[in-house]
Amino acid sequence: MGTIREVTHRKPRITSSLDEPVWLGQAESLPNRDFITLSEKMLIDLVRKHGDFTKADLAIYTDFSRTKITSCIGSLINKEIIVTNQATEYSGGRRSKTYSLNGKLGLVAAVDIGATSIDLGIADFSGKLLVRYSEPASIKDGPIKILGRVCTLLEKLLLENCLSIGKVKGIGIGVPGPVDFSVGALVSPPIMPGWDAYPIIQTVQQWFPSANVVVDNDVNVMALGEINQGAGWDVDNLIFVKIGTGIGAGIVCEGKIYRGFRGCAGDIGHIGVDKTGPLCHCGNRGCLETVAAGPAIAERALLAAQLGKSSILIKHYEENGMILRAEDVGDAAREGDATAIEVIRESGQFIGDVLASLVNFYDPQMIVIGGGVSNLGNLLLSSIRQAVLQRSTPLATRDLRIVFSEIGADAGVLGAVSLATEYMFSLSPAGSSQNR
Ligand SMILES: [Zn+2]
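Thresholds applied
- Residues numbered from 1 in each chain as written.
- Predicted model: local features only at pLDDT ≥ 70, side-chain atom pairs only at ≥ 80, totals over all residues.
- Heavy atoms only, no water.
- Helix = DSSP H or I, 4+ residues; strand = E, 2+ residues; numbered from the N terminus.
- Buried < 20%, exposed > 50% of the residue type's maximum accessible area, 1.4 Å probe, protein only.
- Contact = heavy atoms within 4.5 Å.
- Areas by Shrake-Rupley, 256 points an atom, 1.4 Å probe, with all protein chains shown as cover.
- Salt bridge = Lys/Arg side-chain N within 4 Å of Asp/Glu carboxyl O.
- Pairing = 2+ DSSP bridges.
- Axes fitted to C-alpha atoms, helices over the stretch in contact; angles between N-to-C directions.
- Core = buried A, V, L, I, M, F, W, Y, C linked by side-chain atoms within 4.5 Å.

### Quick look at the overall build of the chain
Moving on, step 1. Across its full length, the chain carries 14 helices and 16 strands.
Moving on, step 2. Burial analysis of the chain (436 residues in total) assigns 53% to the buried set.
Moving on, step 3. Partitioning the intrachain contacts of the chain with sequence separation of at least 6 by distance along the chain shows that 64% fall at a separation of at least 24.
Moving on, step 4. Accessible area of the chain: about 20,900 Å², with a carbon and sulfur share of 53%.

### Details of the pattern of salt bridges
Moving on, step 1. One pass over the structure, following the stated rule, counts 17 salt bridges.
Moving on, step 2. Between lysine 145 and aspartate 141 there is a salt bridge; the shortest N-O distance is 3.7 Å.
Moving on, step 3. Arginine 391 is the partner of aspartate 353 in a salt bridge, and the nearest nitrogen-oxygen pair spans 3.9 Å. Of this pair, aspartate 353 sits in helix H11 (residues 338–362) while arginine 391 sits in helix H12 (residues 378–391), placing them 38 residues apart in sequence.
Moving on, step 4. Classification of aspartate 353 by relative accessible area gives partly exposed; the value is 22%.
Moving on, step 5. Residue class for arginine 391 comes out exposed when judged on its relative accessible area of 54%.

### Overview of the sheet that holds strand E15 (residues 366–370)
Moving on, step 1. The strand order across the open sheet built from 5 strands is E14-E13-E12-E15-E16, with neighbouring strands paired in mixed fashion. Edge positions in the open sheet fall to strand E14 (256–258) and strand E16 (401–404), since each of these has one partner strand only. Geometrically, the sheet is characterised by an average inter-axis angle of 25 degrees between neighbouring strands, direction not taken into account.
Moving on, step 2. As paired strands, E15 and E16 are joined by 4 bridges and run parallel to one another. Across the sheet, isoleucine 367 pairs through a bridge with isoleucine 402, a residue of E16.
Moving on, step 3. On top of the sheet, H12 reaches strand E12 (238–243), E15 and E16; it is set at about 160 degrees to E16, its chief contact.

### Describing the nonpolar core
Moving on, step 1. With 47 residues, the main nonpolar core has Ile81, Ile82 and Leu238 as its most contacted residues.
Moving on, step 2. Only helix H1 (38–50), helix H3 (66–78), strand E4 (99–101), strand E5 (107–113), helix H6 (218–229), E12, E15 and helix H14 (411–424) provide two or more residues apiece to this core.
Moving on, step 3. Broken down by element, this core gets its largest block of residues, 9 residues, from H14.
Moving on, step 4. Setting aside residues up to four positions removed in sequence, leucine 238 forms contacts with Ile227, Gly232, Gly250, Ile251, Val252, Tyr362, Pro364, Met366 and Val368.
Moving on, step 5. One finds Ile268, Ile297, Ala301 and Val354 within the second-largest nonpolar core, a separate group that totals 40 residues.

The following block contains the structure:
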């Protein structure tokens, strides 16, 4: 017989800083937000994801009784958060009422800041995009210039479309670096001078005092877009992989973004795949992104071309003013160039090998591939798929789907709308215990 282990020396469990972000509930936001109960929040989240719904739909997706559903719907209608639509659907021979989020209750702004671009959107409360705008920008210009530009543009877009600034109740922002989600700030981001610990939320809130501002890493934001409006709408456990200038992953666990303890989960670009590989900006050698992201694809292709292995790649290089980009390698592959095909295959193999480990570790239902380099097409996808299938356990891959993003360049903006909306309806930390 064994003895019971002494456990009194253990320290109490530390609560993750992500449980109660400091920014939650600081903006004016919805006047009645604090009065939303946990059950109402669950219904709102379902409706955000699935659109129009009937009481019968809610009975399928929740374990609520009919009485509870009716009472929650009544309460949310009183708070003007949902509205009743014309009865159009037939259910068991009779028309049943449908309900949806009240789009007119306010506006949500979406901001997707990339390394070389700003993407903006303005949506109504139901998540429908009303305005979409993009322009090139360099993240290296620093937060004062970039955030100033973002806020000026949002004001201009609102004005041009006769939308009131005071109606903006939520702003979701994705940024291309590691974010401490609990405070909404970047932490030692590489290639982003001036952004470390910069108060993004406070800066944007000065322009839009009525809005609750939420900041997250761009890949997490894209993953959110994908589960709410893209390829992963019917999936609760997935990995979203962005392949662009770098490589990162957004992890969706049980329908929620898994951010880890500090908020930096999913930084797969710095998993080592080749100890003798190229030096990475993180200081290590042979990180995944140094051998498989966009710049690595372009560099390897150029090297091969300069050794005389591909006249097509040299043609692209010369036509572009002595620059070869990852998309040129994609074009050359589509033209049947053997060197370009080989370079893309290698990149897919590296990414697939890392994903195979993640599949064995995490057992997701789906992997969604997005980001600029995903435009290289099916060749990349098939090599990733092949590597994953080869190296993962059969049970983990039996029903695993590996697909391209369905919302492509809009993933960041649609995800930022979801991010803002999710927290607009959150319970205040003080109200969460008594409002069940
Ligand atoms: Zn690295």
